[in-house]
Amino acid sequence: MRIAPVLVAAALFSGAWAVPQSQMADGGASVPKIDAKHEKDIEADKKLGEEYSKQIAKEVKFSEDQAAIDRVTRIGEDLAKIANTQKVNVLWGDSRLSPFDYTFHVIKGDDVNAFSIPGGYIYVYEGLVNEVESDDELAGVLAHEIAHAAFRHIATMQHEQSKFNIVNIGAILAAIWSRSDATKILLPTQLLNIGMQSGWSVKAEEAADYGGLQYMLKSKYNPLGMLTFMERLAYRDRLSPQIAWGIFETHPPSEDRAQTLLKELNEHNVPLHRSLVSSSLRATSKIGDSGIELFFGPNKIHVFAGDDSQMRADRAVDRINAFCDSVPALYELEVRDSSLYGEGRRLFEIEETDAEAEKVSLRDAVAKANQAMKSALFDLSYRVWTTRPGLGDADPSPPPP
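Residues numbered from 1 in each chain as written. Predicted model: local features only at pLDDT ≥ 70, side-chain atom pairs only at ≥ 80, totals over all residues. Heavy atoms only, no water.

Caption draft 1: Spatial organisation of the sheet that holds strand 2 (residues 114-117). A sheet is described by the order of its strands in space; here 3 strands give the open sequence 1-3-2, paired in mixed fashion. With one partner strand each, in any of the chains shown, strand 1 (103-107) and strand 2 form the two edges of the open sheet. The sheet shows a mean angle of 20° between the axes of neighbouring strands, taken without regard to direction. The sheet strands contacting helix 4 (residues 135-150) are strand 1, strand 2 and strand 3 (121-125), and the helix crosses strand 2 at an angle near 20°. (Pairing = 2+ DSSP bridges. Helix = DSSP H or I, 4+ residues; strand = E, 2+ residues; numbered from the N terminus. Axes fitted to C-alpha atoms, helices over the stretch in contact; angles between N-to-C directions. Contact = heavy atoms within 4.5 Å.)

Written as structure tokens, this is what we have:
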């Protein structure tokens, strides 16, 4: 699934609010006053967005998960304050600072999806809330959607394609939003219009990614969450059936967006410590039946036993996270005596007590841990392949253990 804002359908429905003539941005900087024309544009966005929000309310079921609702609202409001008070670089859309009264809604359903409509209405599915692995990843999604509204992408798209056929908006919405078989019910001329429109929606996606990243950089959330979530989408894209959408492709491929985000994060000197924002790219430990179990993501690596097992596990977690944050090659993992080393530094030692707890020989325990770490590294390199040579200028600079 993709993060898919409903750009084309929402062109009919956008909104605005009563805008104060001046505000104070963080740091005391005065936000430019909104002139009459700009205020009129914002009011138009609110009116259209309000109309379409009523239609959405008729078509979907809203979540009853209060924890999810509170989480989305809390993070969204943090980012909305930034979007409403701080100007950022706009690659495509309205570059004026357009404050909106943002509202955040959680839709019942397992779709890993989110979308926005003009006027500051942001919608997130329960499936996406459950899929993100940290508040930082969720913030990345919300920042992206806020950027669509803040940059008035629908209004821009309307302006550039004033003759766009909007009669069959429901079918177009289904086709672009879910990429389902809804395309079969569209007439060829309508598909042609979508193809023409898609060039602008690609620009909108790229602009929302960059705008969202800038909001994240100004927030308390780690902007790396945008990358790890996009990398996970790219990984799923590579495993899913490939469809040649051609000119009907409404979003840049996730892998392209991940590479672009990686480049921008490097330009802003953001350390690539994925273990801080993604649980599937992080070493952890927990109490097991025979000792303290060491994991990387969902994969069990080793079991520490003995009186000092917790201390040894904690130390291994720190060292493995520092090692794996650099996205190392398999050859950088090696065995010396009964210890595993990464990039020449000891990750952890396998002791006799560990082998006894697992009822295997020390030699077999070492081999088992080594194989488990190799499998984890292989999976890691495949999931975050954008950091490999030739695909990015990553400088992870992992923290010391």
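Caption draft 2: Examining the nonpolar core more closely. If you look at the biggest cluster of nonpolar residues, it comprises 49 residues, and the most contacted ones within it are Leu79, Tyr102, Leu128, Leu142, Ile146 and Tyr215. Those elements giving two or more residues to this core turn out to be helix 2 (66-85), strand 1, strand 3, helix 3 (126-131), helix 4, helix 7 (188-217), helix 8 (224-239) and helix 9 (254-267). Leave out the neighbours within four places in its chain, and Leu128 touches Asp111, Val112, Asn113, Ala114, Leu138, Val141 and Phe229. With 29 residues, the next largest nonpolar core counts Ala316, Ile320, Leu340 and Val366 among its residues. (Core = buried A, V, L, I, M, F, W, Y, C linked by side-chain atoms within 4.5 Å. Buried < 20%, exposed > 50% of the residue type's maximum accessible area, 1.4 Å probe, protein only.)

Caption draft 3: Region of the structure containing the sheet that holds strand 9 (residues 345-349). Overall, antiparallel pairing links the 3 strands, which are arranged 7-8-9 in an open sheet. The sheet terminates laterally at strand 7 (333-336) and strand 9, the two strands that pair on one side only. The mean angle between the axes of side-by-side strands here comes to 30°, regardless of whether they run parallel or antiparallel. As paired strands, strand 8 (residues 339-342) and strand 9 are joined by 4 bridges and run antiparallel to one another. Directly across from Gly342, in strand 9, lies its bridge partner Arg345.

Caption draft 4: Structural context of the pairing of strand 4 (residues 283-287). In this structure, strand 4 lies alongside strand 5 (residues 292-296), joined through 5 bridges in antiparallel fashion. Directly across from Ala283, in strand 5, lies its bridge partner Phe296. The antiparallel hairpin formed by strand 4 and strand 5 contains 4 residues in its connecting segment, where Gly291 sits at a positive phi of about 155°.

Caption draft 5: A look at the packing of helix 8 against helix 9. Direction vectors running N to C along helix 8 and helix 9 enclose 155°, while the axes themselves pass 8 Å from each other. With respect to helix 9, the axis of helix 8 lies roughly antiparallel. Where helix 8 crosses over helix 9, the two elements pack in a sense that is left-handed. Residue-level contacts link Leu224, Met226, Leu227, Met230, Glu231, Leu233, Ala234, Asp237 and Arg238 of helix 8 to Ser254, Glu255, Arg257, Ala258, Leu261, Leu262 and Leu265 of helix 9. Among the residues forming the contact of helix 8 with helix 9, the class breakdown is 10 nonpolar, 1 polar and 5 charged. (Parallel < 35°, antiparallel > 145°, perpendicular 65-115°, else oblique. Left-handed = near helix turned anticlockwise from the far one by under 90°. Nonpolar A, V, L, I, M, F, W, Y, C, P; charged D, E, K, R; others polar.)

Caption draft 6: Representation of helix 1 (residues 36-59) within the structure. Compared with an ideal rise of 1.5 Å per residue, which puts 24 residues at 34 Å, helix 1 spans 35 Å between its outermost C-alpha atoms and is within 8% of the ideal. For helix 1, the set of buried residues is His38, Asp41, Ile42, Asp45, Gly49, Tyr52, Ser53 and Ile56. The N-terminus of helix 1 is capped by Asp35, whose side-chain oxygen sits 3.3 Å from the backbone nitrogen of Lys37. (Expected span 1.5 Å × (residues − 1). Polar contact = N/O pair within 3.5 Å; in protein donor to acceptor, adjacent residues only side chain to side chain.)

Caption draft 7: Region of interest: the environment of Ile154. Residue position: Ile154 is located in helix 5 (residues 153-160). Taking the C-alpha atoms as reference points, Ile154 and Ile117, separated by 37 residues in sequence, lie 8.1 Å from one another.

Caption draft 8: Region of the structure containing the environment of Phe323. Mapped onto the secondary structure, Phe323 falls in helix 10 (residues 309-324). In contact with Phe323, other than residues within four places in its own chain, are Pro328, Glu332, Leu333, Gly342, Glu343, Leu347, Met373 and Leu377.

Caption draft 9: The arrangement of the side chain of Asp45 in detail. Looking at where Asp45 falls in the secondary structure, it is placed in helix 1. By relative accessible area, Asp45 is classed as buried at 3%.

Caption draft 10: Molecular detail of the pattern of salt bridges. A complete count under the given rule lists 23 salt bridges for this structure. A salt bridge links Asp135 to Arg71; its shortest N-O distance comes to 2.8 Å. On the criterion of sequence distance, the pair formed by Asp135 in helix 4 and Arg71 in helix 2 is long-range, its members being 64 residues apart. One salt-bridge network, held together by shared partners, links Lys37, Asp41, Asp45, Asp94, Arg96 and Arg152. (Salt bridge = Lys/Arg side-chain N within 4 Å of Asp/Glu carboxyl O.)

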